[in-house]
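Summary of structural features
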Amino acid sequence: MPMREAHAVWTFGLQSAGSGAILGSTGAGEAFHVNGLAREHSFYIETPAACTCSYQIRTARQSTGAFVVLSSGTLAASAVDLVQVTGPLAYVSPRIKTITSTAVMVTVELWGN
């Protein structure tokens, strides 16, 4: 049975606390050090009703960048994207490029094993 080696959650939009949260805005989430431990990485990007967004999943050798985009996309309201990436990776950081409402929360969650 695989072990979970990495887990992080970022939230964008709603004024609510979360791990690596960017509150009330678009932008880049705090860089998370995966430390090369996980080989497979799944990123769930989810929008609630009445909100759309465009996003990027990024990685870098250092927490300060330079970041390279692994995947990007656009989500409609009440939608989920799943991005799966093979590693190992050093640092990861999601970026929400556009969001139609900051009254709701866009969530990006990483699972790695």
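Residues numbered from 1 in each chain as written. Predicted model: local features only at pLDDT ≥ 70, side-chain atom pairs only at ≥ 80, totals over all residues. Heavy atoms only, no water.

1. As for the overall build of the protein chain
Scanning the protein chain from terminus to terminus reveals zero helices and ten strands. In sequence order, the protein chain lays out its α and β elements as β-β-β-β-β-β-β-β-β-β. Counting over 113 residues, the protein chain shows a buried share of 41%. Taking as baseline every contact in the protein chain between residues at least 6 positions apart, the subset at least 24 positions apart corresponds to 75%. For the protein chain, the computed accessible surface area is about 5,800 Å², with 51% contributed by carbon and sulfur atoms. (Helix = DSSP H or I, 4+ residues; strand = E, 2+ residues; numbered from the N terminus. Buried < 20%, exposed > 50% of the residue type's maximum accessible area, 1.4 Å probe, protein only. Contact = heavy atoms within 4.5 Å. Areas by Shrake-Rupley, 256 points an atom, 1.4 Å probe, with all protein chains shown as cover.)

2. Some thoughts on a nonpolar patch on the surface
On the surface, Tyr 44, Val 80, Leu 82 and Trp 111 cluster together into a nonpolar patch covering about 370 Å² of accessible area. Residue placement: Trp 111 occurs in strand E10 (residues 105-112). (Patch = residues over 30% accessible without salt bridge, like charges linked within 9 Å, V, L, I, M, F, W, Y side chains within 5 Å. Salt bridge = Lys/Arg side-chain N within 4 Å of Asp/Glu carboxyl O.)

3. Points about the environment of Val 106
Note on placement: Val 106 falls in strand E10. Along the primary structure Val 106 and Thr 47 are separated by 59 residues, whereas in three dimensions their C-alpha atoms are 4.9 Å apart. Excluding its chain neighbours within four sequence positions, the residues that come into contact with Val 106 are Trp 10, Thr 11, Phe 12, Glu 46, Thr 47, Cys 51, Cys 53, Ile 96 and Ile 99.

4. Considering the nonpolar core
Core analysis: the largest hydrophobic core is formed by 24 residues, its most contacted members being Phe 43, Ile 45, Ile 96 and Leu 110. Every element with two or more residues in this core is listed here: strand E1 (6-13), strand E5 (40-46), strand E6 (53-60), strand E8 (80-86), strand E9 (91-99) and E10. It is E1 that contributes the most residues to this core, four residues altogether. Non-local contacts of Ile 96, meaning those with residues more than four positions away in its chain, are made with Phe 12, Thr 26, Gly 27, Cys 53, Ser 54, Tyr 55, Val 106 and Val 108. (Core = buried A, V, L, I, M, F, W, Y, C linked by side-chain atoms within 4.5 Å.)

5. Considerations on the packing of aromatic side chains
Summed over all chains, the structure comprises one aromatic pair. Taken together, a centroid distance of 6.5 Å and an interplanar angle of 90 degrees make the contact between Trp 10 and Phe 32 edge-to-face. Taken together, the positions of Trp 10 in strand E1 and Phe 32 in strand E4 (residues 32-33) put the pair 22 residues apart, joining distant regions of the chain. Residue class for Phe 32 comes out partly exposed when judged on its relative accessible area of 25%. The ring of Phe 67 has Arg 58 sitting right over it, with the charged end atom 4.2 Å from the ring centre. (Phe/Tyr/Trp six-rings, centres within 6.5 Å; stacked < 30°, edge-to-face > 60°. Lys NZ or Arg CZ within 6 Å of the ring centre and 35° of its normal.)

6. Looking at the side chain of Ser 42
Among the structural elements, Ser 42 can be located in strand E5. Assessed through its relative accessible area of 14%, Ser 42 is described here as buried. Setting aside residues up to four positions removed in sequence, Ser 42 forms contacts with Leu 82, Val 83, Gln 84, Glu 109, Leu 110 and Trp 111.

7. A few points about the environment of Ile 57
In this fold, Ile 57 is placed in strand E6. Since its relative accessible area comes to 1%, Ile 57 is described here as buried. Along the backbone, Ile 57 and Val 85 are 28 residues apart, and their C-alpha atoms lie at a distance of 9.8 Å. Every residue in contact with Ile 57, bar those within four places of it in the chain, is listed here: Phe 43, Ile 45, Val 68, Val 69, Leu 70, Ser 71, Val 83, Ser 93, Pro 94 and Val 108.

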